[in-house]
Amino acid sequence: MKVDVLLGLQWGDEGKGKIVDVLAPRYQVVARFQGGPNAGHTLEFDGIKHVLHQIPSGIFRSDIQNIIGNGVVLDPIVFKREIENLAKYNLDLVSNLFVSKKASLILPTHALLDAAYERSKGDSKIGSTLRGIGPTYQDKIARLGLRVGDVVSPNFKAKYDKLVDAHKVILDFYSFDHSAVLAQSEENFFAAIEFMKQFTLVDSEYVVNDALTSGKTVLAEGAQGSLLDIDFGSYPFVTSSTTMAAGACTGLGIAPSQVGEVFGIFKAYCTRVGSGPFPTELLEETGEKMRKEGREFGATTGRPRRCGWLDLPALKYAIMINGVTQLIMMKVDVLTIFDNIRVCTHYRLEDGTVTDQLPYDLCDGVVEPIYKDFDGWQQSLDGIRDFEDIPAPLLAYVKFLEDELNLPITFISTGPDREALISREASAIAG
Ligand code: GDP
Ligand code: IMO
Ligand code: MG
């Protein structure tokens, strides 16, 4: 069997949580491979809305093994809170949730370091979620970090103290006060570590590969988005992990040859939280309408998301680096309010060159988007489940994108709920 990978093709918040939940019944294992509590993945069903940060979005479906893989940076305090928030749903979490011993631990000082680094950057700050993601990955790469498997070691506290002492030196260098915050969060941290020990801590690379060998289906759930990737995103305005398909290999311990379908998720427009270039950003009334209609406020931080039209050069780039095999278009219902819908097909660069490729200096150079306009459909998409039934202007928009991107759009999402989905499979079955 192969591992299918599902990931965001833009700047995050494409709707990954919803689609993982929708696809989960097809899989026996759902595994997160990177990121940490910077993610906020929203699921809605039966009138319930739930946001997950570190726990895979297969958790609401029974009989699915959910794995937090080695590529994840895990905050035990957030983990405990997430588990406690799930208590009301009577899920068998201890049996269905496994944590890699090789996942990195976020310590309370990592979040303080995040804040110190951001403060020192002033106006050029990244706009981090301040969850300690960057500093934790930094310690991992510097070979200083603590991992989940360390919590059972008799000298875990000594290892913790050593790392925290090093962090305090850096915090002092940045004149960042840490005493008061740290006293409280340290107590919570060790309580959360004890709490975490009731879960099965595993060598998840064996769990995933054994699952494949025994014929089980595995879905790897990405966090953030391709344009926030540490190598290929709009550096330095990125997150600190490999958000692209290759990250599923290093973040779970699977061979590249084991990757099957790569589901690429994108919104029918674009959003971005935090700083960094955003060529199609709408700063005026249209952007405000989009934000209101799409309820574009961060699932983790509540920050307003910047909004703009769909950006094809950026989308083509994300498809290329991920080897996407199927596209899933989200939040199409949000565009229903517009009578004219724009898609950026190319950029005009400062020297007048027209290109559909992402320039290296997207950060500093000025790129002017070139748009193609489409008629809106201006009719509700509620209740439509089949491709055959979508309004003609929407069909024209979908066909244009499929031709440009050279891939099928297999699902169109028309609302936050699990059921609000138009499926090409439904047409195939009906036809
Ligand atoms: P993720 O981080 O990729 O999982 O996405 P988020 O959960 O952060 O953000 C997506 C938001 O859009 C959530 O509030 C979802 O409930 C909502 N959502 C998902 N799909 C749709 C859709 O098709 N239409 C609308 N209107 N909202 C959607
Ligand atoms: P999901 O999985 C949207 C953004 C932050 C910031 C940058 C770096 O819900 O799609 P970090 O906290 O990683 O240091 O922040 O990345 N960012 C996200 N934006 N969705 C996310 O996750 C994000 N995770 C991080 O806003 O610009
Ligand atoms: Mg999100």
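One structure accompanies this document, and this report is about it. Remember, predicted model here, so these are calculated numbers, not experimental data.

Here we look at the site of ligand 1
Phase 1 of the analysis: Ligand 1 sits among 20 residues. The nearest are Gly15, Lys16, Thr42, Asp333 and Ser413.
Phase 2 of the analysis: Here an oxygen atom of ligand 1 and a backbone polar atom of Gly15 are 2.8 Å apart.
Phase 3 of the analysis: Burial of ligand 1 by the surrounding chains reaches 94%, relative to a free accessible area of 580 Å².
Phase 4 of the analysis: Taken atom by atom, the bulk of ligand 1 overlaps the second largest pocket.
Phase 5 of the analysis: Counting residues per element, the ones that place at least two in the shell around ligand 1 are helix H1 (16-23) and strand S3 (41-45).
Phase 6 of the analysis: When grouped by side-chain class, the residues that make up the shell around ligand 1 number four nonpolar, eight polar and eight charged.

Re helix H10 (residues 285-293)
Phase 1 of the analysis: By the burial criterion, the buried members of H10 are Gly287, Met290 and Arg291. For H10, the angular spread of the buried residues around the axis is 100°, confining them to a single face. H10 presents Glu285 and Lys292 as exposed residues on the side facing more than 90 degrees away from its buried surface.
Phase 2 of the analysis: Of the surrounding secondary structure, the elements contacted by the buried residues of H10 are strand S12 (269-272) and strand S13 (306-311).
Phase 3 of the analysis: Two residues or fewer after H10 comes Arg295, characterised by a positive phi angle close to 45°.

Here we look at the pattern of salt bridges
Phase 1 of the analysis: Counted according to the given criterion, the structure contains 21 salt bridges.
Phase 2 of the analysis: Lys102 is the salt-bridge partner of Asp203, the closest N and O atoms lying 3.3 Å from each other. Remark: Lys102 occurs in the loop between strand S7 (97-100) and strand S8 (104-105) and Asp203 occurs in the loop between strand S9 (200-202) and helix H8 (204-213); sequence separation between them is 101 residues.
Phase 3 of the analysis: Using a relative accessible area of 29% as the deciding quantity, one classes Asp203 as partly exposed.
Phase 4 of the analysis: By relative accessible area, which is 29% here, Lys102 ends up partly exposed.

Considering the nonpolar core
Phase 1 of the analysis: In this structure, Leu9, Phe266, Leu327, Met329, Leu335, Tyr397 and Leu401 are the most contacted members of the largest nonpolar core, which totals 59 residues.
Phase 2 of the analysis: For this core, the leading source of residues is helix H12 (residues 392-405), giving six residues.
Phase 3 of the analysis: In terms of nonpolar packing, the next biggest core, distinct from the first, is built from 39 residues, Phe60, Ala116, Val148 and Val164 among them.

Focus on the side chain of Glu14
Phase 1 of the analysis: Structurally, Glu14 is set in the loop between strand S1 (3-8) and H1.
Phase 2 of the analysis: We classify Glu14 as buried; its relative accessible area is 0%.
Phase 3 of the analysis: Of note is the side chain of Glu14, whose polar atom sits 3.4 Å from the backbone nitrogen of Leu9.
Phase 4 of the analysis: A distance of 3.0 Å separates a polar atom in the side chain of Glu14 from the backbone nitrogen of Gly12.
Phase 5 of the analysis: Those residues in contact with Glu14, other than ones at most four positions away along the chain, are Gly8, Leu9, Gln224, Gly225, Ile265, Phe266, Lys267 and Met330.

Quick word on the site of ligand 2
Phase 1 of the analysis: In the region of ligand 2, 20 residues are neighbours, and Asp13, Lys16, His41, Thr129 and Thr239 sit closest.
Phase 2 of the analysis: Between Gly40 and ligand 2, the recorded distance is 2.9 Å, taken from a backbone N or O atom to an oxygen atom.
Phase 3 of the analysis: Protein contact buries 97% of the 550 Å² of open area that ligand 2 shows by itself.
Phase 4 of the analysis: Of the pockets mapped on this structure, ligand 2 occupies the largest pocket.

Thoughts on the side chain of Glu118
Phase 1 of the analysis: Its place among the elements puts Glu118 in helix H4 (residues 108-121).
Phase 2 of the analysis: One buried charged side chain, Glu118, makes no salt bridge at all; its nearest oppositely charged neighbour is Lys121, positioned 4.3 Å away.

Structural notes on unusual backbone geometry
Phase 1 of the analysis: For the bond from Tyr235 to Pro236, the omega torsion is 5°, close enough to zero to count as cis.
Phase 2 of the analysis: Looking at where Pro236 falls in the secondary structure, it is placed in the loop between strand S10 (218-221) and helix H9 (246-252).
Phase 3 of the analysis: Within the chain, Arg295 stands out as a residue other than glycine whose phi angle is a positive 45°.
Phase 4 of the analysis: In this fold, Arg295 is placed in the loop between H10 and S13.
Phase 5 of the analysis: The exposure class assigned to Arg295 is exposed, which follows from its relative accessible area of 65%.
Phase 6 of the analysis: In this structure, Gln378 takes a positive phi of about 45° despite not being glycine.
Phase 7 of the analysis: Here Gln378 is to be found in the loop between strand S17 (368-375) and H12.

Rules and cut-offs
Residues numbered from 1 in each chain as written. Chains lettered and ligands numbered in written order. Predicted model: local features only at pLDDT ≥ 70, side-chain atom pairs only at ≥ 80, totals over all residues. Heavy atoms only, no water. Near = heavy atom within 4 Å. Polar contact = N/O pair within 3.5 Å; in protein donor to acceptor, adjacent residues only side chain to side chain. Areas by Shrake-Rupley, 256 points an atom, 1.4 Å probe, with all protein chains shown as cover. 1 Å grid on protein atoms, 1.4 Å probe; cavity = no way out; pocket = protein on both sides within 12 Å on 5 of 7 lines; lining within 4 Å. Sits in = over half its atoms within 2 Å of the grid points. Helix = DSSP H or I, 4+ residues; strand = E, 2+ residues; numbered from the N terminus. Nonpolar A, V, L, I, M, F, W, Y, C, P; charged D, E, K, R; others polar. Buried < 20%, exposed > 50% of the residue type's maximum accessible area, 1.4 Å probe, protein only. Arc of directions from axis to C-beta. Contact = heavy atoms within 4.5 Å. Salt bridge = Lys/Arg side-chain N within 4 Å of Asp/Glu carboxyl O. Core = buried A, V, L, I, M, F, W, Y, C linked by side-chain atoms within 4.5 Å. Lys, Arg positive; Asp, Glu negative; His and termini not counted.

Fair warning: the whole summary comes from geometry, so function is off the table for now.
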